Amino acid sequence: MTNTTRNAAGAVVPADELLAVVRELRIAGRWERAMSLLDRAEVTDARARVRFAVAAAEVALESDWFGGTGLAAARLASAGRTAEEMAGKASGKAAEAAVAGPTDDIAGESPMDSHWDLGLLRLRHDYRQQVHVDGVFRAGPDGKDPAALAALRAVAVGLRDRAPDTVRRGWAEMYLGLIADNLFAERELAPRHYEAALEAGEFGDDLLSREALRHLGDHDHDAGDHVRALERWTRAAELGARAGTVPGTLSQQLLLAVLARDAGDEAGAAALARETARWARAVGAVSVEAQAGAFLAGTDPTAAPTTGERSG
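Residues numbered from 1 in each chain as written. Predicted model: local features only at pLDDT ≥ 70, side-chain atom pairs only at ≥ 80, totals over all residues. Heavy atoms only, no water.

Caption draft 1: The nonpolar core, seen in detail. Leu38, Phe52, Val59, Leu76, Leu118, Leu121 and Val288 are the most contacted members of the largest nonpolar core, which totals 35 residues. Listed by contribution, the elements that provide at least two residues to this core are α1 (15–28), α2 (31–40), α3 (46–67), α4 (72–100) and α5 (111–131). Per-element tally for this core: the top contributor is α3, with 13 residues. Leave out the neighbours within four places in its chain, and Leu76 touches Ala57, Leu118, Leu121, Arg122 and His125. Counting 34 residues, the second largest nonpolar core, distinct from the first, contains Val131, Val167, Leu178 and Ile179. (Core = buried A, V, L, I, M, F, W, Y, C linked by side-chain atoms within 4.5 Å. Buried < 20%, exposed > 50% of the residue type's maximum accessible area, 1.4 Å probe, protein only. Helix = DSSP H or I, 4+ residues; strand = E, 2+ residues; numbered from the N terminus. Contact = heavy atoms within 4.5 Å.)

Caption draft 2: A look at the side chain of Asp64. The topology assignment puts Asp64 in helix α3. Buried charge without a partner: Asp64 forms no salt bridge, and the closest opposite charge is Arg128, 4.8 Å away. Within the structure, the side chain of Asp64 is placed 2.7 Å from the backbone nitrogen of Leu71, a separation counted as a polar contact. Non-local contacts of Asp64, meaning those with residues more than four positions away in its chain, are made with Thr69, Gly70, Leu71, Ala72 and Arg128. (Lys, Arg positive; Asp, Glu negative; His and termini not counted. Salt bridge = Lys/Arg side-chain N within 4 Å of Asp/Glu carboxyl O. Polar contact = N/O pair within 3.5 Å; in protein donor to acceptor, adjacent residues only side chain to side chain.)

Caption draft 3: How the structure looks around the packing of aromatic side chains. Within the structure shown, the criterion is met by 3 aromatic pairs. Between the aromatic rings of Trp65 and Phe137, the centroid separation amounts to 6.5 Å while the plane-to-plane angle is 80°, which identifies the pairing as edge-to-face. In this pair, Trp65 sits in helix α3 while Phe137 sits in strand β4 (residues 136–137), placing the two residues 72 residues apart along the sequence. When its relative accessible area of 10% is taken as the criterion, Phe137 is described as buried. Seen in terms of ring centroids, Tyr127 and Tyr175 are 5.6 Å apart; in terms of plane orientation they differ by 85°. Their pairing is edge-to-face. Placement of Tyr127 in helix α5 and of Tyr175 in helix α7 (residues 166–182) is noted, with a sequence separation of 48 residues between them. Every member of this aromatic cluster is reached through a ring pair, and the members are Trp65, Tyr127, Phe137 and Tyr175. Directly above the ring of Phe184 sits Arg153, whose terminal nitrogen or CZ lies 3.9 Å from the centroid. (Phe/Tyr/Trp six-rings, centres within 6.5 Å; stacked < 30°, edge-to-face > 60°. Lys NZ or Arg CZ within 6 Å of the ring centre and 35° of its normal.)

Caption draft 4: Structural context of helix α10 (residues 226–243). Here α10 contains 18 residues, and its C-alpha end-to-end distance of 25 Å stays within 8% of the 26 Å for a straight helix at 1.5 Å per residue. Contact partners of the buried residues in α10: α8 (190–201), α9 (206–222) and α11 (246–262). Among the residues trailing α10, Gly244 stands out with phi positive, at a value near 90°. (Expected span 1.5 Å × (residues − 1).)

Caption draft 5: Representation of the pattern of salt bridges in the model. For the coordinates displayed, the defined rule picks out 24 salt bridges. Between Arg75 and Asp39 there is a salt bridge, and its shortest N-O distance comes to 2.9 Å. Placement of the pair is Arg75 in helix α4 and Asp39 in helix α2, with a sequence separation of 36 residues. Between Arg228 and Glu231 there is a salt bridge whose closest N-O contact spans 2.6 Å. Taken together, the residues span about one helical turn, with Arg228 and Glu231 both in helix α10 at a distance of 3 residues.

Caption draft 6: Spotlight on the environment of Met86. As for its position among the elements, Met86 is in helix α4. C-alpha of Met86 to C-alpha of Pro111: the two residues are 25 residues apart in sequence and 8.9 Å apart in space. Those residues within four positions of Met86 in sequence are excluded, and the remaining contacts are Ala46, Arg47, Val50, Pro111 and His115.

Caption draft 7: Representation of the environment of Leu120 within the structure. Here Leu120 lies in helix α5. For Leu120, a relative accessible area of 8% puts it in the buried group. Taking the C-alpha atoms as reference, Leu120 lies 8.8 Å from Val155; in sequence the two are 35 residues apart. Once residues lying within four places of it in the same chain are set aside, the contact partners of Leu120 are Leu159, Trp171 and Tyr175.

Caption draft 8: A look at the side chain of Ser251. As for its position among the elements, Ser251 is in helix α11. With residues near it in sequence (within four places) discarded, Ser251 still touches Arg210, Arg214 and Val288.

Caption draft 9: Spotlight on the packing of helix α12 (residues 266–283) against helix α13 (residues 286–296). At a minimum axis distance of 8 Å, the contact between α12 and α13 shows a crossing angle of 155°. In terms of their interaxial angle, α12 and α13 are classed as roughly antiparallel. As for the relative orientation of α12 and α13, their crossing is left-handed in sense. Between α12 and α13, the contacting residues are Ala269, Ala270, Ala273, Arg274, Thr276, Ala277, Ala280 and Arg281 on the first element and Val288, Glu289, Ala292, Phe295 and Leu296 on the second. Of the residues contributing to the contact of α12 with α13, the split by class is 9 nonpolar, 1 polar and 3 charged. (Axes fitted to C-alpha atoms, helices over the stretch in contact; angles between N-to-C directions. Parallel < 35°, antiparallel > 145°, perpendicular 65-115°, else oblique. Left-handed = near helix turned anticlockwise from the far one by under 90°. Nonpolar A, V, L, I, M, F, W, Y, C, P; charged D, E, K, R; others polar.)

Caption draft 10: Region of interest: the confidence of the model for the protein. Here the protein averages 89 in pLDDT, and 87% of its residues register 70 or above. pLDDT under 50 marks residues 94–108. Its contacts with residues more than four places away, or in other chains, come to 15 contacts. Contacts from residues 305–312, a stretch scored under 50 in pLDDT, to residues over four places away or in other chains number 32 contacts. (pLDDT = per-residue confidence, 0-100.)

This is the structure:
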């Protein structure tokens, strides 16, 4: 059986195809359009409803991160309720099957995959709450509950250990690196997680590879290896563009402006930052616009977590 969904005009569209379109819109920063498609779809299949709810939570999370909205908490809660509802129906179905014999399963993605994806989204949301304090990106453990930080790391370890595939395991590794870097200020521990994420990204996820290269380049930059940082950051920008991430590619361009400033090309750095700010404003990526504005004012977005704010 093929999962399908119906839009407001009555057209029937395969669920996988609609979710692929939503993913492309989300990555491009078209969060309102992506959410509109999800909200207007009529989905009757229980497993598909979970996938759509998880997709909506991911759109909301990235809108919050780049667009400065506050949508993720409600969408995550809704996705959790939908997942619990499906789990209850699945238990009932299993009980019926034990009496009546085998029946056709619901088509679509494994329930384990959707539940794991929801767990990662919750981790990403909780991580963001820890690094964004009073609307400002503030890294490091100072002023934060050590138990909450430890719990966040434990969740990431659990996601890594039960990941259903290599790419998902890579995303858990990525967040283990970010947690070490930006919450515990354990700079020496993070790169091994980023390297594991980069290796996993080679299995078909340019966005994961881009994210890992972005942060590995940050460590190269801190170590004074600007040649290696340029190599990794240029590659990250290329992969982000290939994957279609408009906000992510703009944020990567800002790191290239950092290297231009480091090389003494202040005019080139400022020109690149101004264009980044202008483009970010045009697409509604307010966080990137703010970072570019801070850079133009003299802030270093790659400052170590123990010395101040840094970009995520």
